Amino acid sequence: MNPVERLYLDALEEGVERDERPSSGLLLTTARARRRPAATTVPWAAPYAGRVAAMDAVLASASAGDWAQQVVEGWTLQQLVAHLTAKDGLVAADVGAPVLGPPIGTRDPLGRTAEVQAAEEGRSPEETRETWRAQADALCARLADVDPATPAAPDGLAIPVRDAIIARSLETWVHADDAARTSALRLPPPVAGHLHPMAGFCTRLLPWTMIATGSDGAGSTVRVTLTGPGGGTWLVPLDVNDPGGVREGGEGDAGAHIVTDVVAFCFLLGGRGAPESLPAEIEGDRDLARRVLEAAPAFSGP
């Protein structure tokens, strides 16, 4: 069987539901989805493998009309999948995995996206999907032999590949949700074991998003409690040079305490949802909490 046709969902624990009664085609897609990928043997890559599976399940149900619809950034669904191929390919290049599509002419994410989108223009949506999925599978397979501390720079800043893959998990999740909405599907969130590391990554970004937006968080600390499966509590010093860094468990003094839903928080960091409409309970310094939430989407992009 062609590996790009092996649709699977997170550890066989998830499903995809239509807003209306499921069609027989979707039921077939869900049945075909129940296969484990070899990539899930790498624990820190499992959230990415799961989101790839969910995206692939959505794409398997997409109609010709769905593929032609504009989803985000003025991109059609096919162009969105090419974007994922481009971003994943930058990580693949950093770890020695195959890079599919045209040779990398630029490391700029939007420039690379344009290269891949141009290459996919004359191809069918299914061919675009196959290229994306084949590269994702190859990347997952390669990660089994890669030190998680290996540097990768898909967005221009070198970070451990373990974090880069969690970032890819988050972006793939957000875009899978974008695609699902286009196809009138409801996509459940990742299983708790996959969602938790994405939530932790999002909290660790907060000191950097404050810097990126020019908001001074030096000397301040917030406690973030994310509710729901996969959530937790983190103590977040907003100074990137704090020797303790972000600490899970949340013990210690904090100027403000933010309590919100884990999925809503991750989507806020992923550029979906407005800070002012995030359903959150805040204790302590409300101005500090407001500035943290306003800065949170700073690194979200197409």
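Residues numbered from 1 in each chain as written. Predicted model: local features only at pLDDT ≥ 70, side-chain atom pairs only at ≥ 80, totals over all residues. Heavy atoms only, no water.

K.L.:
It is not clear to me how the environment of Thr213 should be interpreted in this structure. Could you clarify?
P.N.:
Structurally, Thr213 can be placed in the loop between helix H8 (192-212) and strand S7 (221-227). Looking at Thr213, the relative accessible area reads 42%, which means it is partly exposed. Residues Thr213 and Phe299 lie 86 residues apart in sequence; the distance between their C-alpha atoms is 9.6 Å. If we skip the residues at most four places from it in the chain, Thr213 touches Ala295 and Ala298. Looking at Thr213, its side chain comes within polar contact range of the main-chain oxygen of Met210, at 3.1 Å. (Helix = DSSP H or I, 4+ residues; strand = E, 2+ residues; numbered from the N terminus. Buried < 20%, exposed > 50% of the residue type's maximum accessible area, 1.4 Å probe, protein only. Contact = heavy atoms within 4.5 Å. Polar contact = N/O pair within 3.5 Å; in protein donor to acceptor, adjacent residues only side chain to side chain.)

K.L.:
What is the right way to look at the pattern of salt bridges in this model?
P.N.:
Pairing of side chains with opposite charge becomes possible as their charged atoms draw close. Taken as a whole and assessed by the stated rule, the structure comprises 18 salt bridges. Asp88 is the salt-bridge partner of Arg168, the closest N and O atoms lying 2.7 Å from each other. Of this pair, Arg168 sits in helix H7 (residues 161-182) while Asp88 sits in helix H4 (residues 77-95), and the two are 80 residues apart along the sequence. Relative accessible area serves as the criterion here: at 2%, Arg168 is assigned to the buried category. Salt-bridge contacts for Arg181 lead to Asp177; the nearest nitrogen and oxygen are separated by 2.8 Å. (Salt bridge = Lys/Arg side-chain N within 4 Å of Asp/Glu carboxyl O.)

K.L.:
Please clarify how the packing of aromatic side chains should be interpreted in this entry.
P.N.:
Two measures describe an aromatic ring pair: the distance that separates the ring centres and the angle between the ring planes. Within this structure, the stated rule accounts for one aromatic pair. On the numbers, 4.8 Å between centres and 80° between planes, the contact of Trp173 with Phe267 is edge-to-face. Linking Trp173 in helix H7 with Phe267 in helix H9 (residues 262-269), this pair joins segments that are 94 residues apart in sequence. Relative accessible area serves as the criterion here: at 3%, Trp173 is assigned to the buried category. Take Phe267: its relative accessible area is 12%, and that puts it in the buried class. (Phe/Tyr/Trp six-rings, centres within 6.5 Å; stacked < 30°, edge-to-face > 60°.)

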